[in-house]
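Here is how the chains run, residue by residue.
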Amino acid sequence: AWVGMGFVPAPLARAAHYGNPSACGTMAQLLEVNGHTNDCEVMLYWRRCAKWGDAEAMLKLGFALYEGTCGCAVDVDAA
């Protein structure tokens, strides 16, 4: 499967697409490492991880909501 940064193994992309928390976290990290730090797609994966209670994802989502980055509107209450 092709993702904005290049080739991603199909099982990983499929698992992330269906909401697997580990796969979503891996996809978000891969996107960030490849320069997609201010991208809505990254936040989609971090949101999914945050729903499952991932601390790193909650932190990244909170910062994005607080600062209004990564395609998120500023929402201090939600942050």
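Bear in mind the structure is a predicted one, so any value in this text is a computation, not a measurement. Counting restarts for each chain, with residues numbered from 1 along the sequence as it is written. In keeping with the predicted nature of the model, local features appear solely for residues at pLDDT of at least 70, side-chain atom pairs appear and are counted solely at 80 or more, and the whole-chain, interface and lining totals rest on all residues. Side-chain calculation: all heavy atoms of the structure are included, whereas hydrogens and water are not.

Asks: When you look at the overall build of the chain in this model, what are you seeing that I'm missing?
Replies: Strands are runs of DSSP state E lasting at least 2 residues, helices are runs of H or I lasting at least 4, and numbering of each runs from the N terminus. When helices and strands are tallied, the chain shows four helices and two strands. Going residue by residue from the N terminus, the α and β elements of the chain occur as β-β-α-α-α-α. Residue burial is assigned from relative accessible area. The probe radius is 1.4 Å, only protein chains are included, and a residue is buried under 20% of its type maximum, exposed over 50%, and partly exposed in between. Counting over 79 residues, the chain shows a buried share of 34%. Any pair of residues with heavy atoms lying within 4.5 Å of one another is described as a contacting pair. Sequence-distant contacts in the chain: of pairs separated by 6 or more residues, those separated by 24 or more amount to 37%. If you sum the accessible surface of the chain, you get close to 4,800 Å²; carbon and sulfur atoms cover 57% of it. The method behind every accessible area is Shrake-Rupley, applied with a 1.4 Å probe, and residues are considered shielded solely by the protein chains displayed.

Asks: Help me out: how do you make sense of the environment of L30 in this one?
Replies: You can see L30 is positioned in helix 2 (residues 21-33). Measuring from C-alpha to C-alpha, the distance between L30 and V8 comes to 9.0 Å, with 22 residues separating the pair along the chain.

Asks: Please explain the nonpolar core as it appears in this structure.
Replies: One broad trend across soluble globular proteins is that nonpolar side chains are buried collectively. Think of a nonpolar core as a cluster: buried Ala, Val, Leu, Ile, Met, Phe, Trp, Tyr and Cys residues, connected wherever their side-chain atoms sit within 4.5 Å. Core analysis: the largest hydrophobic core is formed by 21 residues, its most contacted members being A16, M27, M43, Y45 and W46. The greatest single-element share of this core, amounting to six residues, is contributed by helix 3 (residues 40-51).

Asks: Any chance you could explain the packing of helix 3 against helix 4 (residues 55-67) here in plain terms?
Replies: Packed helices, taken two at a time, are described by their axes: the angle between them and the distance between them. Note on definitions: angles span 0 to 180 degrees between N-to-C directions of axes, and those axes are lines fitted to C-alpha atoms, for helices only across the stretch in contact. Where helix 3 contacts helix 4, the two axes come as close as 8 Å, and the packing angle between them is 125 degrees. With respect to helix 4, the axis of helix 3 lies oblique. Once helix 3 is placed against helix 4, the crossing between them reads as left-handed. Residues M43, W46, R47, C49 and A50 of helix 3 form the contact with helix 4, whose own contacting residues are E56, A57, M58, K60, L61, A64 and L65. Each residue is assigned to one class: nonpolar for Ala, Val, Leu, Ile, Met, Phe, Trp, Tyr, Cys and Pro, charged for Asp, Glu, Lys and Arg, and polar for all the others, Gly among them. Of the residues that constitute the contact of helix 3 with helix 4, the class distribution is nine nonpolar, no polar and three charged. Geometric relationships in this document are graded by angle, where less than 35 degrees denotes roughly parallel, more than 145 denotes roughly antiparallel, 65 to 115 denotes roughly perpendicular, and other angles denote oblique. Handedness of a crossing is defined here by the sense of rotation of the near helix relative to the far one, left-handed for an anticlockwise turn of less than a right angle and right-handed for a clockwise turn.

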